[in-house]
Amino acid sequence: IPRTFSFEFLAGLSQKPALIRNVAVVGQLHHGKTSLMDRLVEATHEMNWDDSKEMRYTDTRRDELERKISLKATPMSLVMEDSRGKSYLLNIMDTPGHPNFWDEAVAAMRVSEGIVLVVDVVEGLLMNTEKALHFAGKEGLDIVVVLNKMDRLV
């Protein structure tokens with residue numbers, strides 16, 4: 001069951017470094033990084049979501065909304081619980097997947113402890129995906145792989 005936490009609770013967690021995780025969501029263009037961020041927001045906030053409207057929480061610039069791509073890395077802080085119910089403050093950076101904006105992904109990875117690598121299962125590992133894996137390995141970052149768009153296999 002999703003839970004919503006107060007801003008005061010989130011602020012309290014920010015004072016406890018052992019309970020903070022900094023993560024960059026990286027991958028190729030259109031592999032679903034921003035969609036993953038949107039689902040995390042919906043899972044952590046109790047609201048009546050309007051499924052008929054497309055919400056992109058981390059694409060806040062007008063040109064991003066018009067082009068339907070992320071151009072800048074965008075941070076978001078969420079409170080999430082582990083399987084034992086312990087709360088953590090997750091500072092998550094949604095990064096652009098277009099090769100022209102690779103510097104945004106690198107900057108996000110430099111301030112992160114790990115990455116969530118989003119991979120479209122049909123397209124597989126492409127140039128930015130491989131670059132992200134190589135960079136994360138070189139920096140010693142933890143890597144979590146999310147296989148996305150499984151419905152495209154059917």
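Residues numbered from 1 in each chain as written. Predicted model: local features only at pLDDT ≥ 70, side-chain atom pairs only at ≥ 80, totals over all residues. Heavy atoms only, no water.

Caption draft 1: Summary view of helix H2 (residues 33–44). Between its first and last C-alpha, H2 extends 17 Å over 12 residues, near the 16 Å set by a 1.5 Å rise per residue. What H2 keeps buried is the set Lys33, Thr34, Met37, Asp38, Leu40, Val41 and Thr44. Mapping the buried residues of H2 onto a view down its axis gives an arc of 160°, with all of them on the same face. Where H2 is buried, its residues meet strand E1 (20–27), strand E2 (74–81), strand E3 (87–94) and strand E4 (114–120). (Helix = DSSP H or I, 4+ residues; strand = E, 2+ residues; numbered from the N terminus. Expected span 1.5 Å × (residues − 1). Buried < 20%, exposed > 50% of the residue type's maximum accessible area, 1.4 Å probe, protein only. Arc of directions from axis to C-beta. Contact = heavy atoms within 4.5 Å.)

Caption draft 2: Region of the structure containing the nonpolar core. In terms of nonpolar packing, the biggest core is built from 16 residues, with Ala24, Val26, Trp102, Met109, Ile115, Leu117 and Ala132 touching the most fellow members. Listing elements by their share of this core, those giving two or more residues are E1, helix H4 (102–110), E4 and helix H5 (127–139). Considering every element that reaches this core, the biggest residue donor is H4, with five residues. For Met109, the contacting residues outside a window of four places in its chain are Ala24, Val26, Trp102, Ile115, Ala132, Phe135 and Leu141. Among the nonpolar cores identified, the runner-up in size contains 11 residues, and Met37, Val41, Ile92 and Val118 belong to it. (Core = buried A, V, L, I, M, F, W, Y, C linked by side-chain atoms within 4.5 Å.)

Caption draft 3: Fine view of unusual backbone geometry. Backbone geometry at His30 places phi at a positive 65°, although glycine is not the residue there. You can see His30 is positioned in the loop between E1 and H2. For His30, a relative accessible area of 46% corresponds to the partly exposed category. One non-glycine residue, Lys149, lies in positive phi territory at about 65°. By the secondary structure assignment, Lys149 is in the segment after strand E5 (142–148).

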